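Summary of the model geometry
Okay, here's what each chain looks like letter by letter:
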There are 2 protein chains.
Amino acid sequence: MSVVKERRERERAQRHQLIITAARELAETEGWEAVTTRRLAERVEYSQPVLYSHFSGKDAIVRAVAIDGFGELAAHLRRARLADSEPRQALHAVCRAYLDFAIERPALYQAMFVMPTDVKIADAETPQLRAAIDEIVSCFRPDNARRELFAEVIWSALHGIAVLADSGRIPPHRQEERLDFLVTQLADTPS
Amino acid sequence: MSVVKERRERERAQRHQLIITAARELAETEGWEAVTTRRLAERVEYSQPVLYSHFSGKDAIVRAVAIDGFGELAAHLRRARLADSEPRQALHAVCRAYLDFAIERPALYQAMFVMPTDVKIADAETPQLRAAIDEIVSCFRPDNARRELFAEVIWSALHGIAVLADSGRIPPHRQEERLDFLVTQLADTPS
DNA sequence: CAGGATGTCTAGCGTTGCTAGAGTGCCGTC
DNA sequence: GACGGCACTCTAGCAACGCTAGACATCCTG
């Protein structure tokens, strides 16, 4: 492979990422309804069709943003978990980190978890998402046979709290109180 | 007011509801992305502009469907709660009823809780939604000072379980197990 | 230096939510 | 009972959307 081709591919990869970050920034500042292919193309200073040489369509761009987000979420949760060694506090820290992540990047969080994408099971298909959830699982002892189930329920609760607060359906204050209650009740498990 | 005018208004109210139910049926059979103003107009056998004489726009139609859903959800939960007199079992029954509702009418549930509407705080503005949530609150003893908070967290968890299962992010089987765990852990509260 | 492949752009298609203005028919008044 | 006016509905069209075809330019290869 020639040197030129390598450079081309490198530039292409850069532009690929540029599109993703541009879409994300546009969504974070003006909301996803403002992310149109025209505005996005203008933002990356190319014409519309180049978007389609990188992604199969707009949905694929949103999905790419979401996958980026999964990786960041996993890192964010891992950092929180390792900061506290006590398992009980670790769960608390991870849960708080999850809610912080959702609240500080609402648009990114939407792309990851509420917008209609076909990112399915939190498993092999998207290892970053699997890794993020595993951070919750890891807060329980390895010999806990039901820790997978516990993590699913805690994740669900966190997700519910995040989206219902974001849409104003539950009052945004008292999030800390809700978090305390959730962890207190779900942390000490019978088994 | 003349008799004719009354009849007109009655017919108009009927058509109003016809639009709402048509939108809902279309969404439930083909998904919300298939609900366009043209298809909806064709379905109610009128031209597009009549929709705008009833609703300010498509969003308002979705919101009307959602509000209808809130009322149904409230009735559904109330029925479940009153079937069991034991408070502990009542909470279990209400939670199961909530998940059933979400799973059996996914499109309606989406309009109510995931699509971007400006239905805000679960309070005065939309009494039907408030009534639905109060069914969860009512599962706790009136002298429980924190029952409002408990209900919010349980609602959040139920919502999370519902949407993550619907989008295939957590395996759809074992919903019963998750429900059991949730109720067992959150039902007996310290206070 | 020509030929071909690669890559980008202009232009446009079909569909979307929504609206203006024409047309129609029904009502209440004299 | 004819008529003027009003309420109502429809046809037609706008701007913006996601997406694509085909022309044009640019660069590497033989």
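This is a predicted model, so every value here is computed, not measured.

Observations concerning the overall build of chain A
Per the secondary structure count, chain A includes nine helices and zero strands. Counted from the first residue to the last, chain A has its helices and strands arranged as α-α-α-α-α-α-α-α-α. Going through the 191 residues of chain A one by one, you find that 51% of them count as buried. Sequence separation of 24 or more characterises 62% of the internal contacts of chain A that already satisfy a separation of 6 or more. Taken as a whole, chain A presents about 9,400 Å² of accessible surface, with 51% of it coming from carbon and sulfur.

Thoughts on the packing of helix α6 (residues 106-113) of chain A against helix α8 (residues 147-166) of chain A
The angle between the axes and the distance between the axes are what describe a pair of packed helices. All names here are of chain A. Taken N-terminus to C-terminus, the directions of α6 and α8 make an angle of 130°; their axes are 12 Å apart at the nearest point. Between α6 and α8, the interaxial angle falls into the category oblique. Helix-helix and strand crossings are classified by hand; for α6 and α8 the assignment is left-handed. Of the residues in α8, those in contact with P106, Y109, Q110 and F113 of α6 are W155, H159, A162, V163 and D166. Of the residues belonging to the contact of α6 with α8, the class tally is six nonpolar, two polar and one charged.

Quick look at the side chain of H76(A)
Structurally, H76(A) is set in helix α4 (residues 58-83). Contacts of H76(A), omitting those with residues within four sequence positions, involve A97(A) and F101(A).

Some words on the UniProt feature "DNA-binding region" (unreviewed entry) in chain A
Following the UniProt record, the feature "DNA-binding region" (unreviewed entry) maps to residues 36-55 of chain A here. Here residues 36-55 of chain A runs as 70% helix and 0% strand, with 14 Å between its end C-alpha atoms.

A look at the interface of chain B and chain A
Accessible area lost on assembly of the parts is the figure often given for the size of an interface. With 38 residues of chain B at the interface, the matching set in chain A holds 37 residues. Summing both partners gives a buried area of about 3,300 Å² for chain B against chain A, and 63% of it is carried by carbon and sulfur. It is R169(B), F181(B) and Q185(B) in chain B that bury the most area against chain A; as a group they hold 23% of the surface buried on that side. On inspection of chain B and its partner chain A, the count reaches four salt bridges. E152(B) is the salt-bridge partner of R174(A), the closest N and O atoms lying 3.1 Å from each other. Connecting chain B to chain A are seven residue pairs in polar contact (both at pLDDT 80 or more). Of all the secondary structure elements, the ones that give two or more residues to the side of chain B that touches chain A are α6 (106-113), α8 (147-166) and α9 (175-187) of chain B. Among the elements that line the side of chain B that touches chain A, the one with the most residues is α8(B), at 13 residues.

Considerations on the protein's contact with DNA strand D
Near DNA strand D, the surroundings consist of 20 residues, among which R38(A), Q48(A), K58(A), R15(B) and S47(B) are the closest. Restricting attention to atoms of DNA strand D within 4 Å of the protein, one finds that 58% of them are sugar or phosphate atoms. Between DNA strand D and the protein, one listed contact pairs a phosphate oxygen with a side-chain N or O atom of S47(B) at 2.7 Å. Listed by contribution, the elements that provide at least two residues to the surface near DNA strand D are α1 (3-30), α2 (37-43) and α3 (48-54) of chain A together with α1 (3-30) and α3 (48-54) of chain B.

Focus on the packing of α8(A) against helix α9 (residues 175-187) of chain A
All names here are of chain A. Between α8 and α9, whose axes approach to 11 Å, the crossing angle comes to 170°. Considering the angle they form, α8 stands roughly antiparallel to α9. Classified by chirality, the crossing of α9 by α8 is right-handed. From α8, V153, I154, A157, L158, I161 and A165 reach across to α9, where they touch Q175, R178, L179, L182 and L186. When its residues are assigned to classes, the contact of α8 with α9 shows nine nonpolar, one polar and one charged.

Quick notes on the relation of the copies chain B and chain A
Note on the identical chains: chain B maps onto chain A by a rotation of 180° and an axial translation of 0.0 Å, with an RMSD of 0.1 Å. Such values leave the two copies arranged in the relation of a two-fold axis. Closest approach to the rotation axis among the C-alpha atoms of chain B is made by A157(B), whose C-alpha sits 1.8 Å away. Interface overlap between copies is the fraction of interface residues in one copy that are interface residues in the other; for chain B against chain A it reaches 97%, indicating a shared surface.

Some words on the packing of aromatic side chains
Counted according to the given criterion, the structure contains 12 aromatic pairs over all chains. Taken together, a centroid distance of 4.3 Å and an interplanar angle of 20° make the contact between F181(A) and F150(B) stacked. Residue F181(A) is located in helix α9, and its partner F150(B) is located in helix α8; the two belong to separate chains. Owing to a relative accessible area of 2%, F181(A) belongs among the buried residues under this scheme. For F150(B), a relative accessible area of 0% corresponds to the buried category. On the basis of an interplanar angle of 85° and a centroid distance of 5.9 Å, the ring pair of Y98(B) and Y109(B) is categorised as edge-to-face. Highlighted residues: Y98(B) in helix α5 (residues 87-104) and Y109(B) in helix α6, separated in sequence by 11 residues. Note on Y98(B): relative accessible area 1%, which makes it buried. Using a relative accessible area of 4% as the deciding quantity, one classes Y109(B) as buried. A cation over an aromatic ring shows up here: R15(A) above the ring of Y46(A), its NZ or CZ 4.6 Å from the ring centre.

Observations regarding the pattern of salt bridges
All names here are of chain A. Applying the stated criterion across every chain, the model contains 24 salt bridges over all chains. Across the pair R130 and D134 runs a salt bridge whose closest N-O atoms are separated by 2.8 Å. Note that R130 and D134 are positioned in helix α7 (residues 127-137) at a spacing of four residues, about one turn of the helix. Among the residues examined, R130 registers a relative accessible area of 18% and is labelled buried. Given a relative accessible area of 28%, D134 falls into the partly exposed group.

How each quantity is defined
- Residues numbered from 1 in each chain as written.
- Chains lettered and ligands numbered in written order.
- Predicted model: local features only at pLDDT ≥ 70, side-chain atom pairs only at ≥ 80, totals over all residues.
- Heavy atoms only, no water.
- Helix = DSSP H or I, 4+ residues; strand = E, 2+ residues; numbered from the N terminus.
- Buried < 20%, exposed > 50% of the residue type's maximum accessible area, 1.4 Å probe, protein only.
- Contact = heavy atoms within 4.5 Å.
- Areas by Shrake-Rupley, 256 points an atom, 1.4 Å probe, with all protein chains shown as cover.
- Axes fitted to C-alpha atoms, helices over the stretch in contact; angles between N-to-C directions.
- Parallel < 35°, antiparallel > 145°, perpendicular 65-115°, else oblique.
- Left-handed = near helix turned anticlockwise from the far one by under 90°.
- Nonpolar A, V, L, I, M, F, W, Y, C, P; charged D, E, K, R; others polar.
- UniProt positions renumbered as here; feature names shortened; annotations may be inferred.
- Buried area = accessible area lost by both parts, 1.4 Å probe.
- Salt bridge = Lys/Arg side-chain N within 4 Å of Asp/Glu carboxyl O.
- Polar contact = N/O pair within 3.5 Å; in protein donor to acceptor, adjacent residues only side chain to side chain.
- Near = heavy atom within 4 Å.
- Least-squares fit on C-alpha atoms with pLDDT ≥ 70 in both.
- Phe/Tyr/Trp six-rings, centres within 6.5 Å; stacked < 30°, edge-to-face > 60°.
- Lys NZ or Arg CZ within 6 Å of the ring centre and 35° of its normal.

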